[in-house]
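Coordinate inspection notes
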Amino acid sequence: MNIAIDGPAGAGKSTIAKRLAGALGFLYLDTGAMYRAVALKMLNCGIDVTDEKRVKAELDRTVIDVRYENGGQKVYLDGVDVSENIREHRVSKAASDVSALPCVRVKMVELQREIACKRDTILDGRDIGTFVLPNAEVKFFLTATSDERAKRRYAELVLKGANCTLEGIKKDIEQRDYNDSHREFAPLKKASDAIEVDTTDMSIEEVTGYMLDIVNGKKQ
Ligand code: DC
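The structure reproduced in this document is the subject of the present report.

Cut-offs and rules
- Residues numbered from 1 in each chain as written.
- Predicted model: local features only at pLDDT ≥ 70, side-chain atom pairs only at ≥ 80, totals over all residues.
- Heavy atoms only, no water.
- Helix = DSSP H or I, 4+ residues; strand = E, 2+ residues; numbered from the N terminus.
- Buried < 20%, exposed > 50% of the residue type's maximum accessible area, 1.4 Å probe, protein only.
- Contact = heavy atoms within 4.5 Å.
- Areas by Shrake-Rupley, 256 points an atom, 1.4 Å probe, with all protein chains shown as cover.
- Lys, Arg positive; Asp, Glu negative; His and termini not counted.
- Charge placed at Lys NZ, Arg CZ, Asp CG, Glu CD.
- Near = heavy atom within 4 Å.
- Polar contact = N/O pair within 3.5 Å; in protein donor to acceptor, adjacent residues only side chain to side chain.
- Disulfide = S-S within 2.5 Å.
- Pairing = 2+ DSSP bridges.
- Axes fitted to C-alpha atoms, helices over the stretch in contact; angles between N-to-C directions.
- Core = buried A, V, L, I, M, F, W, Y, C linked by side-chain atoms within 4.5 Å.

Structural notes on the overall build of the protein chain
- Along its length, the protein chain carries nine helices and eight strands.
- In the protein chain, which comprises 220 residues, the share counted as buried stands at 49%.
- Sequence-distant contacts in the protein chain: of pairs separated by 6 or more residues, those separated by 24 or more amount to 74%.
- Put simply, the protein chain shows about 10,800 Å² of open surface, and 50% of that area lies on carbon and sulfur atoms.
- The positive charge centre, built from 34 side chains, and the negative charge centre, built from 36, are 2 Å apart in the protein chain.

Looking at the site of the ligand
- If you check the shell around the ligand, you find 15 residues, and the closest are Arg36, Arg105, Arg176, Asp180 and Arg183.
- Arg183 is positioned such that a nitrogen or oxygen atom in its side chain is 2.8 Å from an oxygen atom of the ligand.
- Across the complex, the protein chains shield 97% of the 450 Å² of accessible surface that the ligand would expose by itself.
- If you list the elements that add at least two residues to the shell around the ligand, you get helix H2 (31-45), helix H4 (89-98) and helix H8 (166-182).
- With four residues, the single largest contributor to the shell around the ligand is H2.

What to know about the state of the cysteines
- Tallying each qualifying case throughout the model produces zero disulfides.
- Just so you know, Cys103 is unpaired, no disulfide at all, and the nearest cysteine sulfur is the one on Cys45, 14 Å from it.
- Judged by its relative accessible area of 15%, Cys103 falls in the buried class.

Focus: the sheet that holds strand S7 (residues 138-143)
- With respect to topology, five strands assemble into an open sheet ordered S2-S6-S1-S7-S8, the strand pairing being parallel. A single partner strand is all that each edge strand has here, and the edge strands are strand S2 (27-30) and strand S8 (195-198). Taken over all neighbouring pairs, the strand axes of this sheet differ in orientation by 20 degrees on average, direction set aside.
- Pairing of strand S1 (residues 2-6) with S7, which is carried by four bridges, proceeds in the parallel orientation. Paired with Ile3 across the strands is Val138, a residue of S7.
- Here H2 sits on the sheet in contact with S2 and strand S6 (121-125), set at roughly 40 degrees to S2.

Quick word on the nonpolar core
- Ranked by size, the top nonpolar core spans 37 residues in total, and within it Val38, Met42, Val98 and Val104 carry the most contacts.
- Counting only elements with at least two residues in this core, the list comes to S2, H2, helix H3 (52-59), strand S3 (64-69), strand S4 (72-77), H4, helix H5 (102-116) and helix H6 (128-132).
- A per-element tally of this core places H2 first, with eight residues.
- Discounting residues that sit within four places of it in the chain, Val104 has contacts with Tyr35, Val38, Val55, Leu59 and Val98.
- If you look at the next biggest cluster of nonpolar residues, it comprises 20 residues, including Ile3, Ile122, Val138 and Val197.

Topic: the sheet that holds S3
- In space, the three strands of this open sheet follow the order S3-S4-S5, with antiparallel pairing throughout. The sheet is open, and its two borders are formed by S3 and strand S5 (80-81), each paired with just one other strand.
- Strand direction decides the pairing type here: S4 and S5, joined by two bridges, are antiparallel. When the bridges of S5 are listed, Tyr76 appears paired with Asp81.
- Contacts from H2 reach S3 and S4, with the element oriented near 25 degrees to S4.

Thoughts on the pairing of S4
- Here S3 pairs with S4 via six bridges, running antiparallel. In the strand pairing of S4, Arg67 is matched with Lys74.
- What sits between S3 and S4 in their antiparallel hairpin is a turn of two residues, with Asn70 showing a positive phi close to 50 degrees.
- Between S4 and S5, which pair antiparallel in sequence order, lie two residues; one of them, Asp78, sits at a positive phi of approximately 50 degrees.

Right, here's the structure in full:
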């Protein structure tokens, strides 16, 4: 069984997906981490992430690897664990830009499908229900207001000691939503058969319980 969870940044996808995966005994695949790893590589090499030709040339000699260690997903870039580095704020914008390039998406989607076909998997991203796994048994589309999403991201970044403002984060999130939903190839979009969950006024427990009930209903 595959479960697709799509939605904009900060809607709660990864937190909820991890909990659901734990409760159901599924593998959790955070697909955004893969685009982030590509973005980090390009930033490290000083390559303009909108320059498709140069990105493609570099990507051809790049190895992105997803491994499961101590119960969690780790992302390796050319053999180095970059799971922490890819969370840096500067990587978020670059990941959104680089993910608009078809050459990047084709390579990442191939890897995602390969992982998902081996086990029961929950994937979160932007195009899982519409493009990566259009036949996923259950599809969710998580949303929340941009104010709420910015507050969540801000709290996360402050905990990590980042120097940022709530206003700045909100602007970045809105810009990223715009980029992700307006790109030509596999944009952020609710699949017609996805169940929309507005998490603005819901606790993590409420959202998880609601989604778990739906999945268990489908399994019967
Ligand atoms: O979920 P995230 O914030 O870690 O994702 C980082 C960027 O990667 C996001 O702005 C858009 C892109 N992305 C994508 O295009 N498709 C996916 N399935 C997952 C992420």
